[in-house]
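Residue-level structural notes
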Amino acid sequence: MGKMTKKRKAAYIAYIAVLFIFFYLPIVVCMIYSFNDSKSLTNWTGFSFRWYGQLIQDGNIMKAVFVSVTIAIFATIISTVLGTLTAIGLSKSRKILRQTVLNVNNIPIMNPDIVTAIGLMLLFSSVAMPRGYFTMLLAHITFCTPFVITSVYPKVRSLDPAIADAALDLGATPFQALVKVIIPMLKDGIYAGVLLAFTMSFDDFVISYFVTGNGVQNISIVVYNMTKRTNPTINALSTIVILVIAVALIVSRLIPAMMKRTMRYIMMGMVLLLLGIAIFTGIQSGGRTLRVYNAGEYIDPDLLTKFEQEADCKVIYETFDSNESMYTKLKSGAEYDILIPSDYMIERLVKEEMLQPVNKNNMKNLESLNPSLKGLAYDPENEYAVPYFAGSVGILYDTTVVDEEDVEAGWELLRNTKYKGNIYMYDSERDSFMVALKALGYSMNTTDEEEIRRAYQWLIDQRDSMQVVYAGDDVIDNMISGNKAIAVVYSGDATYIMSENENMEYFEPEQGTNVWCDAMVISKGCNDLDLAHAFMDFMLEDENAYANSLYVGYTSPVVAVAMNLATGEFDGIGAYIPGFEGERNEVFRYQEPKIKELYADLWTKVKAY
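Residues numbered from 1 in each chain as written. Predicted model: local features only at pLDDT ≥ 70, side-chain atom pairs only at ≥ 80, totals over all residues. Heavy atoms only, no water.

**Overview of the pattern of salt bridges**
For clarity, the cut-off: A side-chain nitrogen of Lys or Arg and a carboxyl oxygen of Asp or Glu constitute a salt bridge if their distance falls within 4 Å. Runs of H or I in DSSP of at least four residues are treated as helices and runs of E of at least two as strands, each being numbered from the N terminus. Only protein chains enter the accessibility calculation, which uses a 1.4 Å probe. A residue is then buried if its area is under 20% of the maximum for its type, exposed if over 50%, and partly exposed in between.
In total, this model carries 17 salt bridges according to the counting rule given. The partner of Lys306 in a salt bridge is Glu543, with the nearest N and O atoms 3.4 Å apart. Taken as a pair, Lys306 in helix H14 (residues 301-311) and Glu543 in helix H23 (residues 542-552) lie far apart in primary sequence, 237 residues in all. On the basis of relative accessibility, which here comes to 23%, the residue Lys306 falls in the partly exposed class. The exposure class assigned to Glu543 is exposed, which follows from its relative accessible area of 59%.

**Observations concerning the pairing of strand S2 (residues 314-320)**
Within a regular strand, the side chains alternate between the two sheet faces. Here is the rule we go by: Two strands pair if DSSP finds at least two bridges between them. By the criterion used throughout, a crossover qualifies as right-handed when its path from the first strand across the helix to the second strand runs clockwise, the strands pointing away from the viewer.
With six of seven residues buried, S2 lies mostly within the body of the structure. Here seven bridges tie strand S1 (residues 289-295) to S2, and the two strands are oriented parallel to one another. By the bridge assignment for S2, Asn294 is matched with Thr319. Chirality of the crossover, the property in question, places the unit of S1, H14 and S2 among those that are right-handed.

**Observations regarding empty space enclosed by the protein**
Defined as follows: Only protein atoms enter the calculation, which uses a 1 Å grid: trapped sets of points that fit a 1.4 Å probe without letting it out are cavities, open sets showing protein on both sides within 12 Å along at least five of seven lines are pockets, and any residue with an atom within 4 Å of a point is a lining residue. Grid points are joined across faces, edges and corners, and a volume is the space filled by probe spheres set on the points.
Applying the stated criterion to the full structure yields four cavities of 30 Å³ or more. In this structure, the largest cavity occupies an estimated 60 Å³ of space. Lining the largest cavity, in full, are Tyr388, Phe389, Met520, Met539, Leu540, Ala545, Asn548, Ser556, Pro557 and Val558. Among the elements of the structure, strand S5 (386-398), helix H22 (529-540) and H23 are those that each provide at least two residues to the lining of the largest cavity.

Right, here's the structure in full:
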């Protein structure tokens, strides 16, 4: 038995060790790569504090940290007070009222975050409440309070009701009985509620994303936008958060009991200081303000500062993760001056009269634009859109693995069984169907149901025979590391990958592809047309367009800038300037709801395996 006991102990220890390794190895890897000199998230090139320096210098991240911390602290304090008082009150209520309130309290806990987010967004819009710091705080209090009630109520139910009566009989006032007798006995439940509320608030993304505005972003929103492009600053930020939490846990165990009162006063002072700063920073100046809504990681942040200085204004810059989420926020009542959506979404916004024409007399740099990006199907008369970035969708392949003669097959390369299990497809409904439609010789904007279903079958056959992996932005680092030989990617991503991995090459199949153009447009509710036109013209100036294209990696719409980069920093990287004028190339058009629903239904079936 003794030997068996030792074996069991050894097995138990090994099990715990494996479990801890499984939990903490990703954290350790993240911390190690925060000191990597390379921009790659997986390719180690040397030790460096490069990303910590960039993190400190990034004003957007530091503001997001402040917003996250202050929102979490205030939401935790307020929701704890509300939740504790509610739990105590419920214990003294009638059974019917108590059960009703508890059932209602469970609704936001069981609801998916997206439902709560949309509901709060519509509520704030219906009462015309400007979205920003205050709406985010209200939202966090709303979803944190039910968790506090759930944590505290069982402790309240376990108390002897006679204890409060005894305190009153001994001369305590009701308030004294509450503060000095009841609450101390509930401290375990309250502490659990505090920790849960703070964690929920600090970690929240979905609800925060939909209820914020006016440039207010927390860490989750900023990090999510950063993941759209390879950005190792995330590793540095994550490492700092991990270390702060670890230090806080250690200090909380080491502080002697005699210092608790002192620490309480210090914490109260810090909360008041943070509250004052939050109120102060929330006051908007009376100067000119421009509200810009753009995709995440899609601008050189230094250009925003430069424009603010030149135009003597404040730029409120917000980001979205997709054209669809941008559209949702616009329809919910969010107001911006300049939007930077993609071609098909611009067409939709024009159809729904949500944009206003560009006054070309107010812009001097329009003549520098690439003629190939003018008169596109979504804006044939160039009335509403000013090109911002352009590119294409093509195939990136490893020249050391893929035979050049196989490349001549175009999109059918993606069904060559020689490369089974070695292909990334882009995890995008429209782009994947574009590949299949073009491979079959159809228009990628077809509304013919028979053609769409044939494209669906093409994707099903490819999925079953090729063991493809559907990837998003993570394809960038995977292809840099050479994890697979072939990937469907955007030209700008291909440009970055090729600059990091010399074995990679990019081509656009002769069957045709999607050439896209993201453009600056002016919303119907723009408050300062002169400032909006000034910003668009500013982004087209050679120096600014050069810096922006170099930072992002996508093709500049300014001809001279694109050519300079193609022969300079991106020399030898053919992906930087795609073939906009290919005979069978197209831009995406707006889809009617019926067709969009068909595509969405079929795409769900493609992914359901």
